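Spelled out from the first residue to the last, the chains are:
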Amino acid sequence: MRLGCPARLYGLPAEPALQGASDPPADALGTELAFLRDALRYLEAQRITMFRLNASLVDALASAWAAGHGDGQRATLDAIGQKVRGAGLRLSFHAHSSVALSTPNDEQAFLSAGWLTLAAAVFDALGLSPEAAIVVHAGGAYGDAPAALQRFARRYEALPPTVRGRLVLENDGRRFSHTDVTLVHEACGIPLVFDVLHHRVHNPEGVPLREALERSLASWPSGVTPKVHFCTPRSEARGLGTVTRLKVPTWTEHGDFANPFEFAEFVALCDGMRPCDVMLESKAHDLALLKLREDLARYAPVVAAALS
């Protein structure tokens, strides 16, 4: 089981290591790729084998191609791809909230399909397998949830095969539950990323956690390891300007760090199921992953030994 974290890496400096580079980047794409090179070195040093790229990399690629100089980074992409494949690192994207295949607005749907096509092109340029996935939500209900889900399925089927082969759908914590996204999977075959916290806070059908997890894992094609999102909710109160004003937890918020006992219970729940990788969505990102690894080594060494 690979354990990963989202894009921001707190163990890295705020700026990419450009000093001394023979070809310092002069555009947004070059800067994004410089960050990615630094990130790969850091991830390897920390033995982190799963990572979500910042969606801004796709935006930078779009701008570079629009300006007619995106192909100038081909050698850099090739080198990064070799590094990623050599390290056995699993990459992913999580689309912006504006990327919505369920929208009734045709222009937004067109732009959404274009963004997803570019995201798939990044992974293709890096030479990565279908395990490099692009995660999307179903989007808004727009006053008619069944119609929105039907639009999503129809537009998914109209995407190029290279894009469909990387796109995966996540249940969310407010609109579309595990049951809802399962209906989309049954309609068009899109694999399902199971988000544990979202299921706990939005499960109106009362589907047991194990059943929902098992069904989601089974939705992935043979030969591609499913991925799951895990985090524990924020439990602490936060100050709002003064010590006399506190914001109590809403439980839908992601915690800064992960509760190791809850994570160990989740791994135990996975026993006997199809193997999966886990994206840890705690707000402290890499620091949360490193702390969880340390905590599991102390409190659940069997679980710690199963992680890579």
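Please refer to the structure higher up on the page.
So, a few notes on the structure that sits alongside this text. (Residues numbered from 1 in each chain as written. Predicted model: local features only at pLDDT ≥ 70, side-chain atom pairs only at ≥ 80, totals over all residues. Heavy atoms only, no water.)

### Re the packing of helix 2 (residues 56–66) against helix 4 (residues 106–125)
Selection criterion: Every axis corresponds to a line fitted to the C-alpha atoms, with the helix fit spanning only the stretch in contact, and the corresponding angles, defined between N-to-C directions, vary from 0 to 180 degrees. Only runs of H or I of at least four residues qualify as helices and only runs of E of at least two qualify as strands under DSSP, and these elements are numbered from the N terminus. Should an angle fall under 35 degrees it is taken as roughly parallel, and over 145 as roughly antiparallel, whereas 65 to 115 is taken as roughly perpendicular and any remaining angle as oblique. Here, residues are in contact when the closest pair of their heavy atoms is within 4.5 Å.
For the pair helix 2 and helix 4, interaxial distance at closest approach is 9 Å and the crossing angle is 95°. Considered as vectors, helix 2 and helix 4 are oriented roughly perpendicular to each other. Two secondary-structure elements touch here, helix 2 through Leu57, Val58, Asp59, Leu61, Ala62 and Trp65 and helix 4 through Trp115, Leu118, Ala119, Ala121 and Val122.

### Some words on the nonpolar core
The condition is simple: Nine residue types can take part in a nonpolar core, namely buried Ala, Val, Leu, Ile, Met, Phe, Trp, Tyr and Cys, and a core is a set of them joined through side-chain atoms within 4.5 Å. We call a residue buried when its accessible area falls under 20% of the maximum for its residue type, exposed when it is over 50%, and partly exposed in between, using a 1.4 Å probe and counting protein chains only.
Residues Leu116 and Phe263 are the most contacted members of the largest nonpolar core, which totals 85 residues. Looking at this core element by element, the count peaks at nine residues for helix 4. Among residues more than four places away in sequence, those in contact with Phe263 are Leu3, Phe230, Val278, Leu292, Leu296, Val303 and Leu307. Formed by six residues, the second largest nonpolar core is a distinct cluster that contains Val135, Val168, Trp220 and Val224.

### Here's the deal with helix 10 (residues 260–269)
To keep it simple, the criterion reads: To obtain the arc, one takes the directions from the helix axis to the C-beta atoms. Within 3.5 Å is the distance limit for a polar contact, defined as a pair of N or O atoms, with the added protein rule that one can donate a hydrogen and the other accept it, and that residues adjacent in sequence qualify only through two side-chain atoms.
Residues of helix 10 that are buried: Pro260, Phe263, Ala264, Phe266 and Val267. Angular distribution of buried residues about the axis of helix 10 spans 155°; they occupy a single face of the element. Exposed and facing more than 90 degrees away from the buried side of helix 10 are Glu265 and Ala268. Where helix 10 begins, the side chain of Asn259 points an oxygen toward the backbone nitrogen of Phe261, at a separation of 2.8 Å.

### Focus: the state of the cysteines
Defined as follows: Disulfides are defined as cysteine sulfur pairs within 2.5 Å.
In this structure the tally under the stated criterion is zero disulfides. Cys5 supplies the cysteine sulfur nearest to Cys231, a cysteine that is in no disulfide, at a spacing of 14 Å. Taking relative accessible area as the criterion, Cys231 reaches 1% and is therefore assigned buried. Not part of a disulfide, Cys270 finds its nearest cysteine sulfur in Cys276, a span of 4.4 Å.

### Things to note about the pattern of salt bridges
Proximity of charged atoms lets side chains of opposite charge pair with each other. Going by this rule: Think of a salt bridge as a Lys or Arg side-chain nitrogen and an Asp or Glu carboxyl oxygen that are within 4 Å of each other.
One pass over the full model with this rule turns up 15 salt bridges. With a closest N to O distance of 2.6 Å, Glu211 and Arg215 form a salt bridge. In this pair, Glu211 and Arg215 are both assigned in helix 9 (residues 209–218), four residues apart and thus about one turn of the helix distant. Overall, the relative accessible area of 39% leaves Glu211 in the partly exposed class. Across the pair Glu253 and Arg234 runs a salt bridge whose closest N-O atoms are separated by 3.9 Å. Note that Glu253 is positioned in the loop between strand 9 (242–247) and helix 10 and Arg234 in the loop between strand 7 (227–230) and strand 8 (238–240), a separation of 19 residues in sequence. Considered together, Glu253 and Arg234 belong to a single accessibility category, that of buried residues. Salt bridges sharing common partners tie together Arg234, Glu236, Lys247, Glu253 and Asp256.

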